[in-house]
Amino acid sequence: QVQLVESGGGLVQAGGSLRLSCAASGRTFSSYAVGWFRQAPGKEREFVGRTSRSGGRLTYAESVKGRFTISRDNAKNTVYLQMNSLKPNDTAVYYCAADPYGGSSWAYWGQGTQVTVSS
């Protein structure tokens, strides 16, 4: 069982930056891939990006590529989402999820953190 807690959301002006954190409980966190997702009001949840267990393989949605960076510190059981050059349409609740089985089976989810980008 893994519990995930996101933090770092807030209100930022367009062009600004935020860093989200996803802190996990459990000693096996390093064996999970971790993904970031977001859901804007009235829209379906969408994939933002993911990191492999080691952090060596990163994948991003086209909409955030070049602006967002995922990193992880397994010693701290934490995954980060650095968001730069934020745009108003990045406004959403951001969630992290853990995949313990492979194949993007996101079995564990955090409660989400709100990111609001003003124009």
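The coordinates are above.
Here the structure is a predicted model, which means the values were calculated and not measured.

Summarising the sheet, strand E4 (residues 33-39) and strand E5 (residues 46-51) pair through 5 bridges and their orientation is antiparallel. In the strand pairing of E5, Trp-36 is matched with Gly-49. The turn joining E4 and E5, which pair antiparallel and follow one another in sequence, is formed by 6 residues; a positive phi near 75 degrees is taken by Gly-42. In this sheet, strand E6 (residues 58-60) lies alongside E5 in antiparallel orientation, the contact comprising 3 bridges. Counted as the bridge partner of Gly-49 is Tyr-60 from E6. Between E5 and E6, which follow one another and run antiparallel, lie 6 residues, and Gly-55 among them has a positive phi close to 90 degrees.

What follows concerns the state of the cysteines. Disulfide: a covalent bond formed between the sulfur atoms of two cysteine residues. Throughout the structure, instances matching the rule amount to 1 disulfide. What pairs with Cys-22 in a disulfide is Cys-96, and their sulfur atoms sit 2.1 Å apart. Residues Cys-22 and Cys-96 are joined by a disulfide whose S-S torsion is about 70 degrees; by sign, that bridge is right-handed. Of the two residues, Cys-22 is situated in strand E3 (residues 18-24) and Cys-96 in strand E9 (residues 92-99); the sequence distance between them amounts to 74 residues. Note on accessibility: Cys-22 and Cys-96 belong to one class, buried.

Pairing is antiparallel in the open sheet, where 4 strands are placed in the order E1-E3-E8-E7. Two strands bound the open sheet, and with one partner strand each, they are strand E1 (4-7) and strand E7 (68-73). The average undirected angle you get between the axes of adjacent strands in this sheet is 15 degrees. One ladder, built from 6 bridges, connects E3 with strand E8 (residues 78-83); its direction is antiparallel. Residue pairing in the sheet places Ser-21 in a bridge with Tyr-80 of E8.

Rules of the game
- Residues numbered from 1 in each chain as written.
- Predicted model: local features only at pLDDT ≥ 70, side-chain atom pairs only at ≥ 80, totals over all residues.
- Heavy atoms only, no water.
- Pairing = 2+ DSSP bridges.
- Helix = DSSP H or I, 4+ residues; strand = E, 2+ residues; numbered from the N terminus.
- Disulfide = S-S within 2.5 Å.
- Buried < 20%, exposed > 50% of the residue type's maximum accessible area, 1.4 Å probe, protein only.
- Axes fitted to C-alpha atoms, helices over the stretch in contact; angles between N-to-C directions.

Purely spatial values, then, with no claim about function.
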